[in-house]
Amino acid sequence: MMLYRKFKCGPESAREKEYRSYMKNNALPAYGMCRGDGHPSLKKVAVAAHIATVMLEGSKLLLEDFRKFILVNYPNGEEMIRLGESLVAFVHS
């Protein structure tokens with residue numbers, strides 16, 4: 001019920017709308033993990049957690065678009081993607 005109220009959809013497409021909104025607004029929430037003056041490693045972990053979330057719960061098309069978004073918006077995007085992939089591998093181990 002909450003998913004429908006917030007995103008106007010069911011669980012099958014909630015991540016899609018959530019992450020498309022982040023990309024449209026050119027911003028990812030950091031959940032307090034990093035500030036503008038914070039250590040860059042914390043930002044890397046925060047973004048990697050988003051990548052892992054999309055890999056685990058998003059569609060293949062969303063993942064493809066999100067990877068492009070990360071590579072365009074983050075100078076160390078490749079490294080963030082690898083870390084996100086490692087998190088997913090850990091979840092499946």
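To be clear, the structure that these remarks concern was listed above.
On a predicted model such as this, the values are computed, not experimentally measured, just so you know.

Let's shift gears to the pattern of salt bridges. Under the defined criterion, the tally for this structure stands at 7 salt bridges. Measuring nitrogen to oxygen at the nearest pair gives 2.6 Å for the salt bridge that ties arginine 15 to glutamate 18. Pair noted here: arginine 15 and glutamate 18 are both in helix H2 (residues 14–24), with a separation of 3 residues, about one helical turn. With a relative accessible area of 27%, arginine 15 lands in the partly exposed category. With its nearest N and O atoms 3.0 Å apart, the salt bridge here joins glutamate 85 to arginine 67. Within this pair, whereas glutamate 85 is found in helix H5 (residues 77–92), its partner arginine 67 is found in helix H4 (residues 60–73), the two being separated by 18 residues in sequence. Residue classification places glutamate 85 among the partly exposed residues on the basis of a relative accessible area of 31%.

Another point: unusual backbone geometry. Despite not being glycine, asparagine 26 shows a phi value in the positive range, around 55 degrees. One can find asparagine 26 in the loop between H2 and helix H3 (40–57).

Now for the environment of glycine 77. Mapped onto the elements of the fold, glycine 77 is located in helix H5. Assessed through its relative accessible area of 1%, glycine 77 is described here as buried. Along the primary structure glycine 77 and valine 47 are separated by 30 residues, whereas in three dimensions their C-alpha atoms are 8.8 Å apart. Every residue in contact with glycine 77, bar those within four places of it in the chain, is listed here: Ile70 and Leu71.

A word on the nonpolar core. Counting 15 residues, the largest nonpolar core has Leu28, Phe66 and Ile70 as its most contacted members. Those elements giving two or more residues to this core turn out to be H2, H3, H4 and H5. Counting residues per element, this core draws most heavily on H4, which supplies 5 residues. Here phenylalanine 66 is in contact with Tyr19, Met23, Leu28, His50, Ile51 and Val54, once residues within four sequence places are set aside.

About the cut-offs
All residue numbers here refer to positions counted from 1 along the written sequence of the relevant chain. Since the coordinates come from a predicted model, pLDDT governs what is reported: local features require at least 70, and pairs of side-chain atoms require 80 or more to be given and counted, while whole-chain, interface and lining totals use all residues. The basis for the side-chain values is all heavy atoms of the structure; hydrogens and waters are excluded. Salt bridge, as used here, is a side-chain nitrogen of Lys or Arg placed within 4 Å of a carboxyl oxygen of Asp or Glu. Strands here are runs of E lasting at least two residues and helices are runs of H or I lasting at least four, both read from the DSSP assignment and numbered beginning at the N terminus. Each residue is placed in one exposure class: buried if its accessible area under a 1.4 Å probe, protein chains only, is under 20% of its type's maximum, exposed if it is over 50%, and partly exposed if it falls in between. Here a residue-residue contact requires only that any non-hydrogen atoms of the pair lie within 4.5 Å. To form a nonpolar core, buried Ala, Val, Leu, Ile, Met, Phe, Trp, Tyr and Cys residues must be joined to one another through side-chain atoms within 4.5 Å.

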